[in-house]
Amino acid sequence: MDKERKEQYYVLFERFIDEMSAIPDFDRNHIVQTVTEICEFFHLSKAETQFYQSLAHESRGEGEIICDYDNGKSDRIAVQRRLISRTGAVVMSTVYQSNEDNLTDEEAEKVDILLRTMMTFIGRNRLQDAVEKLGFYDEAGYANIRSFMRFIDRLAGLKRLSGHTATCFNLRRFGMINQQLGKDIGDVVMHKFYNLLKNMVGEDGIIARMGGDNFVAIFPKERTDAVLDVFNGVPIVFDQSSGRRVTVSASAGVYTVPDDFPMDDPRAVMDRIFPTMHIAKQETNGTIVWYNDKMVEMRDHAMKVRSAFPKALKAGEFRVFYQPKVDVTWGKMVGAEALCRWFRDGKIVPPMEFIPVLEQNADICYLDYHILDLVCRDIRRWLDEGKKVVRVSVNFSRKNLSEMDLLSNILDIVDRYRVPHEYIEVELTETTTDVAFTDLRRVVTGLRDVGIACAVDDFGMGYSSLTLLQDIPWTVLKIDKSFLPADDEQVVSNNHMMYKHVVSMAREIGLECVTEGVETKKQVMILRKNHCHIAQGYFFDKPIPVEEFEQRMDSPMYDLSHTSQEWIFQDDKRRTPKKKRV
């Protein structure tokens, strides 16, 4: 290679190095132009680089092939180099020539240097991309919570965080979509919903997945109305050929960042939208809740409850109250539900002030076990005293369902007090996801196998009610008070019809039927007419302390003389029961 040609080579090589290392102003078009000139300089016909994240990816052919020059005359390999990085990534660069051209040894050496240089830069850049993907995106390709926090940190650093709207949202009843359409289609639906919002917020915003069907987003506030319209429900086509679609909506906590927001603590945005989203999920009249200052008080209250809970549990501040279950035909107490009451500083803390807080983490599980322990202790004492014991139901939160040892833990407590299994009933609420549905079936089946009754609580408020009754071996169906008609409703009303058929269906499949929230004599009459024989509610008793409940056990009959039994039984062949008084 003569002097002039060497000088031309070094000019190309220097330009190649400058352009490959121009980070962050990496210009691919300039690099392609330089590679073209290098290939023409050495009479090469093609230049190609392959990148694989690992040897396994290489063996499967799952990688990226970059071809910056090809004149269509590549007959044979001129030089090829392969590099395996410390992280296991594979980079391979190859240049080709036609059969008419040959590299000298000196030229081959210089081309080899160029290939090694190219592999170094490409490997570094692709690994940076891989690190970005692994660190800031989940396995399904969604931006993750790290992406979100990086984005708001950047906005705060630029003093541009104020004037943005932040939201944390949950896709409503998405478990039902997975159950009905299958998880593969569910993934398609979620991606399309996500991409719809991603395009809506644009480059000035971000939407990230927290996990499952929970997401966070932040975007300029002028796009808020459009985003909230999507949260209220939008049709998503999942089958282009048939046009089949499903409506997807979201429960969302929303917060508009004010001008006086502390830019030195941008992560406080999460402190506002995350608990607000949980409030939105519990709303019945709407699914979008805006953050307000009262929620700060709620957050502080929640922190106090969590802080006080361990000591309160150890000090015995949680006690059991019992609410009787009554046979509306004979007026006899046939069971009871154990309900938790917290006595603190001489006062009762209302359940709504601590139960929802404890349900946000595993604390509710410890409380459930504690209440079961107290109930079993009471039943053991009643049996030892020769009392006529009724079956007592104990509530277990959904949080317990994922615990693989739930069944054995329940049995350990029950058997420790030598309580016959027939006296214990476990109440579980309907689940909202297909994963929890599987856990629910496992737990109920296991309890039934050992003779412990299981009740589905708040029926009709959750997952897929008919599937719930079909696939899980319940003992008892507890009908939520929302199904029970009010006194002023006509007999032909929808509520009357729905209540009638729910009771009839439960009886047909062999379930005991209990109606909650019975408060009036007319509602008692409705239960009788529809052959739901067990009621629970203030018409008979509110939840009462154990001492008062023990008096009920000694005299378990309620006065039904003020209800019109003759009217109820005019179309019933059974004899009107004898009226008794406590």
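Reading the values: rules and limits
Residues numbered from 1 in each chain as written. Predicted model: local features only at pLDDT ≥ 70, side-chain atom pairs only at ≥ 80, totals over all residues. Heavy atoms only, no water. Helix = DSSP H or I, 4+ residues; strand = E, 2+ residues; numbered from the N terminus. Buried < 20%, exposed > 50% of the residue type's maximum accessible area, 1.4 Å probe, protein only. Contact = heavy atoms within 4.5 Å. Areas by Shrake-Rupley, 256 points an atom, 1.4 Å probe, with all protein chains shown as cover. Expected span 1.5 Å × (residues − 1). Arc of directions from axis to C-beta. 1 Å grid on protein atoms, 1.4 Å probe; cavity = no way out; pocket = protein on both sides within 12 Å on 5 of 7 lines; lining within 4 Å. Points joined across faces, edges and corners; volume = space filled by probe spheres on them. Nonpolar A, V, L, I, M, F, W, Y, C, P; charged D, E, K, R; others polar. Pairing = 2+ DSSP bridges. Axes fitted to C-alpha atoms, helices over the stretch in contact; angles between N-to-C directions. Phe/Tyr/Trp six-rings, centres within 6.5 Å; stacked < 30°, edge-to-face > 60°. Lys, Arg positive; Asp, Glu negative; His and termini not counted. Salt bridge = Lys/Arg side-chain N within 4 Å of Asp/Glu carboxyl O. pLDDT = per-residue confidence, 0-100. Right-handed = clockwise from strand over helix to strand, strands pointing away. Parallel < 35°, antiparallel > 145°, perpendicular 65-115°, else oblique. Left-handed = near helix turned anticlockwise from the far one by under 90°. Patch = residues over 30% accessible without salt bridge, like charges linked within 9 Å, V, L, I, M, F, W, Y side chains within 5 Å.

A few words now on the overall build of the protein chain. Helix and strand content of the protein chain: 19 helices and 21 strands. A buried classification covers 47% of the 582 residues belonging to the protein chain. Within the protein chain, contacts between residues at least 6 apart in sequence are counted, and of these 68% link residues at least 24 apart. Taken as a whole, the protein chain presents about 30,000 Å² of accessible surface, with 49% of it coming from carbon and sulfur.

Time to look at helix H1 (residues 3-20). Since one α-helical turn is 3.6 residues long, residues separated by three or four positions face the same way. Here H1 is 18 residues long and its end C-alpha atoms lie 26 Å apart, about the 26 Å a rise of 1.5 Å per residue gives. Restricting attention to buried positions, one finds in H1 the residues Tyr9, Leu12, Phe16, Glu19 and Met20. Buried residues of H1, seen end-on, are gathered within an arc of 95° and therefore sit on one face of the element. Exposed residues lying more than 90 degrees from the buried face of H1 are Lys3, Glu4, Val11 and Glu14.

We now examine empty space enclosed by the protein. On inspection of all chains with the given rule, the structure shows three cavities of 30 Å³ or more. Taken as a whole, the largest cavity holds about 90 Å³ of empty space. If you list the elements that add at least two residues to the lining of the largest cavity, you get helix H2 (28-41) and helix H4 (105-136). In terms of residue count, H4 provides more of the lining of the largest cavity than any other element does, four residues in total. Within the lining of the largest cavity, the residues separate by chemical class into eleven nonpolar, no polar and no charged.

Positionally, Ser147 belongs in helix H5 (residues 145-157). Its relative accessible area of 4% is what places Ser147 among the buried residues. Apart from residues no more than four positions distant in its own chain, Ser147 is found in contact with Phe136 and Ile206.

This paragraph deals with the sheet that holds strand S4 (residues 90-97). Strand order in this open sheet of four strands is S2-S1-S4-S3, and the pairing throughout is antiparallel. At either margin of the open sheet sits one strand with a lone partner, and together these are strand S2 (64-70) and strand S3 (76-84). For this sheet the average axis-to-axis angle between neighbouring strands, irrespective of direction, equals 10°. With six bridges connecting them, strand S1 (residues 46-52) and S2 associate as antiparallel partners. If you follow Ala47 over to S2, its bridge partner there is Tyr69.

What follows is about the packing of aromatic side chains. For the structure on display, the rule yields 22 aromatic pairs. A ring pair is formed by Tyr9 and Phe13, whose centres lie 5.9 Å apart and whose planes are at 25°; its orientation type is stacked. Residue Tyr9 and its partner Phe13 are both found in helix H1; the two are separated by four residues, about one turn of the helix. Tyr9 sits in the buried class, given a relative accessible area of 4%. Note on Phe321 and Phe343: the rings are 6.0 Å apart at their centroids and 40° apart in plane angle, and the pair reads as tilted. Within this pair, whereas Phe321 is found in strand S12 (residues 318-327), its partner Phe343 is found in strand S13 (residues 332-344), the two being separated by 22 residues in sequence. By relative accessible area, Phe321 is classed as buried at 11%.

Let's shift gears to the side chain of Asp363. Residue position: Asp363 is located in helix H12 (residues 363-384). Here Asp363 occupies a buried position and makes no salt bridge, while the nearest side chain of opposite charge, Arg306, is found at 5.5 Å. Setting aside anything within four residues of it in sequence, one finds Asp363 in contact with Arg306, Phe309 and Leu358.

Now for the confidence of the model for the protein chain. Of all residues in the protein chain, 90% attain a pLDDT of 70 or more, and the chain-wide mean is 85. Predicted confidence is poor over residues 565-582, with pLDDT under 50, and the contacts of this stretch with residues over four places away or in other chains come to 36 contacts.

Counting buried positions along strand S16 (residues 424-429) yields five of six residues, so the element is predominantly enclosed. For the crossover that starts at strand S15 (residues 391-396), traverses helix H13 (residues 406-416) and ends in the parallel S16, the hand is right-handed. As defined by bridge partners, S16 adjoins strand S17 (residues 453-459) across five bridges and the pair is classed as parallel. Residue Val426 lies in a different strand from S17, and its bridge partner there is Cys454.

Across the interface, H12 lies against H13 with an axial gap of 9 Å and an inter-helix angle of 25°. Classed by the angle they form, the pair H12 and H13 counts as roughly parallel. Remark: the crossing between H12 and H13 carries right-handed chirality. Where H12 approaches H13, its residues Tyr369, Leu372, Asp373 and Cys376 are matched on the opposing element by Leu406, Asn409, Ile410, Ile413, Val414 and Arg416.

Here the focus is a nonpolar patch on the surface. On the surface, a cluster of nonpolar side chains totalling about 220 Å² of accessible area is made up of Ile145, Met210 and Phe274. Relative to the elements of secondary structure, Phe274 occurs in helix H9 (residues 268-282).

Take the layout of surface pockets next. As a volume, the second largest pocket reaches approximately 580 Å³. For the lining of the second largest pocket, the secondary-structure elements that each account for two or more residues are H9, helix H10 (294-314) and helix H11 (351-358). Of the residues contributing to the lining of the second largest pocket, the split by class is eleven nonpolar, four polar and four charged.

As a further point, take the sheet that holds strand S5 (residues 164-171). On the basis of which strands lie adjacent, the open sheet formed by five strands has the order S6-S7-S5-S10-S11 and mixed pairing. Each of the sheet's edge strands pairs with one partner strand only, and the pair in question is strand S6 (206-211) and strand S11 (288-290). Each adjacent strand pair in this sheet contributes to an overall mean axis angle of 20°, direction not counted. Pairing of S6 with strand S7 (residues 214-220) involves five bridges; the strand directions are antiparallel. For Ile207, the partnering residue across the bridge sits in S7 and is Ala217. Set on the sheet, helix H8 (residues 224-231) makes contact with S5, S7, strand S10 (250-256) and S11; between it and S11 the angle comes to about 140°. Where H9 meets the sheet, it contacts S5, S6, S7, S10 and S11, and its direction lies at approximately 145° from that of S10.

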